[in-house]
Amino acid sequence: MALIALLLLLAAAMLAPGLVVGPSLDAAVFSHIGGRLLEGVAPYVGTWDHKPPGIYLASAAAHAVLGWLGPFPANWVLSLASSTGIGAAVATVLLRLEVGGWPRSLAAVGATILASHYLLALGGGLTEPLATLLVAWALVLAGQPTTGRLLAWIGILVGVSALLSFQLLPGGFVVLALALVQSPAEARRSGAGALTLGFAAPLAVAAIWLSAIGALPAALDAIITYPVAYRASSGDYGAALGAPVAAWTVLVSVFLVAPALFGATSAARAHNPSRGVAVASVLWIGASLVLFVLQGRFYAHYAIPLAVPLGVLSGLGLDGMRESLSPGRARTLILVFVLTATLLVSVVAGVISGAMQIAPVADAHARIEAVAHRLRYLPPGSMLVWGNQPALYDLADRAPATVYSYLYPLTTPGYSTPAMIGAVARAILLHPPAVIVDAGSTAPGQPGFLRLLIDRPVATDGRNLDLLESLRVFIAAQYHLAATVAGWPIYVLREVSGP
């Protein structure tokens, strides 16, 4: 209990900047859609995003229970519980491998810190922590002799994680394989069936639900078609943007990587009781790296699942180091120096990279707060945010004028079509939003998202297909500039502009 309390405090401290500077883009989308679900709006057809549906249901549940905290803080609590649970799962796995004392505690602490570090977790509200929590505890169950019922539960945990984030598929499949290997040889055929049924059950339930509400075709289009187009649109942008982030992620995690390398080496010895879990951890890391390459771009939050295998391997490594340490030995001094140096590198890299990530989020949130305050004095009604700032809808308490709370899908080559833009134009024509906020750049004329009515250079990540002229024509004819707040022009519908 003392260790769990420590992990909770550490996770809260690492995630705290999110409560101060506000949610990242992804976190704002998930929080927004969770709230819309509670209002009876169907995902994908009524409010669009391209993630599997689990995160929206989890967000809706968080809002239902903790909505009094605010839209994003409710989701933040989910990340806090998940990061704490990830560290606790690592500690439990190590305890079953007979690793105790300070190696077990340090490994759990390290896994929690990595999973909740701002560079990776962006202050909370993402899909990966909750999905990682489920696979981490599936690993706890898989690291022991398994029965049919236990195998089914392991499959269910991995299946639910797939409904939250595809980044957990490599680790999830490795855990499923480990569970099957750990089962008695004579029961592996039935065990494979139990794992398969357990894994498939959550996916089937989700498909039935989406089909019942008429959202399954739209869901498949968003979850499958959009990521393919997104990857293709990345081109050189993916490598150019992903390489620095990957480098910072490695530097931040090196404090776990160093002892993990030692743990992987020592556990590979024959007859080592931890060999199976260690091999599974190595395979988890390797398969995840392959997925990163296939995706064509890298975001730091993709690495959150690696907190589990790195934590387990580092615990094994630290335990092996403890057994080899003795006062006065040169090897002891070398090990202490290496661990101290890697920790120092991670701390320095963590501070620098975290500050770089916080700055743009804090800047955007300050603008959102200023604009939301100004919107209180403008005509009530729906709103269109031109750009990718969905948090403004929630803070201003205005419904989106379209199914898109952010506009990236409308500008992605290979996904956006004239028909899609036409549907958006018809929706706006039939029900014009009371206000439109151009949140596409830091100030009028500065580089940013595709222009609305004020020219600016386009500076995006490849999602720059411009089929939006019909929207501009309608907005130019029907709206007038009411104010520019924090660099964001606010347009008001002429018919309801008032005195």
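Everything below is about the structure printed above this text.
The sections below set out a description of the structure shown in this document. (Residues numbered from 1 in each chain as written. Predicted model: local features only at pLDDT ≥ 70, side-chain atom pairs only at ≥ 80, totals over all residues. Heavy atoms only, no water.)

With the rule as written, the count across this model stands at seven salt bridges. Of the charged contacts, one joins R472 and E469 as a salt bridge, the two residues approaching to 3.0 Å between their closest N and O atoms. Taken together, the residues span about one helical turn, with R472 and E469 both in helix α18 (residues 469-478) at a distance of three residues. Among the charged side chains, a network of salt bridges with common partners joins R451, D455, D466, E469 and R472. (Salt bridge = Lys/Arg side-chain N within 4 Å of Asp/Glu carboxyl O. Helix = DSSP H or I, 4+ residues; strand = E, 2+ residues; numbered from the N terminus.)

Attention now goes to the sheet that holds strand β2 (residues 435-438). Strand order in the open sheet formed by four strands is β1-β2-β4-β3, and the pairing between neighbours is mixed. Two strands in the sheet have a free side with no partner beyond their single neighbour: β1 (383-386) and β3 (479-485). This sheet shows a mean twist of 20° between the axes of neighbouring strands, independent of strand direction. As judged from the six bridges shared by β3 and strand β4 (residues 488-493), these two strands associate in the antiparallel manner. Counterpart to A483 in the pairing with β4 is I490. Packing against the sheet, α18 makes contact with β1, β2, β3 and β4, and its axis sits at approximately 90° to β3. (Pairing = 2+ DSSP bridges. Axes fitted to C-alpha atoms, helices over the stretch in contact; angles between N-to-C directions. Contact = heavy atoms within 4.5 Å.)

For helix α9 (residues 169-182), with 14 residues, the first-to-last C-alpha span of 20 Å sits near the 20 Å given by 1.5 Å per residue. Within α9, burial applies to P170, G171, G172, V174, V175, L176, L178 and A179. Tucked inside the fold, the buried residues of α9 contact α7 (128-142), α8 (148-162), α10 (188-212) and α13 (275-295). (Expected span 1.5 Å × (residues − 1). Buried < 20%, exposed > 50% of the residue type's maximum accessible area, 1.4 Å probe, protein only.)

It is worth spelling out the packing of α9 against α10 at this point. For any two helices packed against each other, the geometry comes down to the angle between their axes and how far apart the axes lie. Packing of α9 against α10 leaves a shortest axis separation of 9 Å and a crossing angle of 150°. Classified by the angle their axes make, α9 and α10 are roughly antiparallel. The interaxial crossing formed by α9 with α10 has right-handed handedness. Of the residues in α10, those in contact with F173, L176, A179, L180 and V181 of α9 are R188, G191, A192, L195 and F199. Residue classes in the contact of α9 with α10 are distributed as eight nonpolar, one polar and one charged. (Parallel < 35°, antiparallel > 145°, perpendicular 65-115°, else oblique. Left-handed = near helix turned anticlockwise from the far one by under 90°. Nonpolar A, V, L, I, M, F, W, Y, C, P; charged D, E, K, R; others polar.)

Turning to the packing of aromatic side chains, a few remarks are in order. Within a pair of aromatic rings, the relevant descriptors are the distance that separates the centres and the angle that separates the planes. If you walk through the whole model with that rule in mind, you get 15 aromatic pairs. Ring centres of W48 and Y226 lie 5.1 Å apart, and the angle between their planes is 85°; on these two criteria the pair is classed as edge-to-face. Taken as a pair, W48 in the loop between α2 (25-38) and α3 (54-66) and Y226 in helix α11 (residues 216-234) lie far apart in primary sequence, 178 residues in all. The pair formed by W48 and Y226 is uniform in burial state, with each residue classed as buried. Taken together, a centroid distance of 6.2 Å and an interplanar angle of 75° make the contact between Y408 and F449 edge-to-face. Taken together, the positions of Y408 in the loop between α16 (391-396) and α17 (418-430) and F449 in the loop between β2 and α18 put the pair 41 residues apart, joining distant regions of the chain. (Phe/Tyr/Trp six-rings, centres within 6.5 Å; stacked < 30°, edge-to-face > 60°.)

Fair warning: the whole summary comes from geometry, so function is off the table for now.
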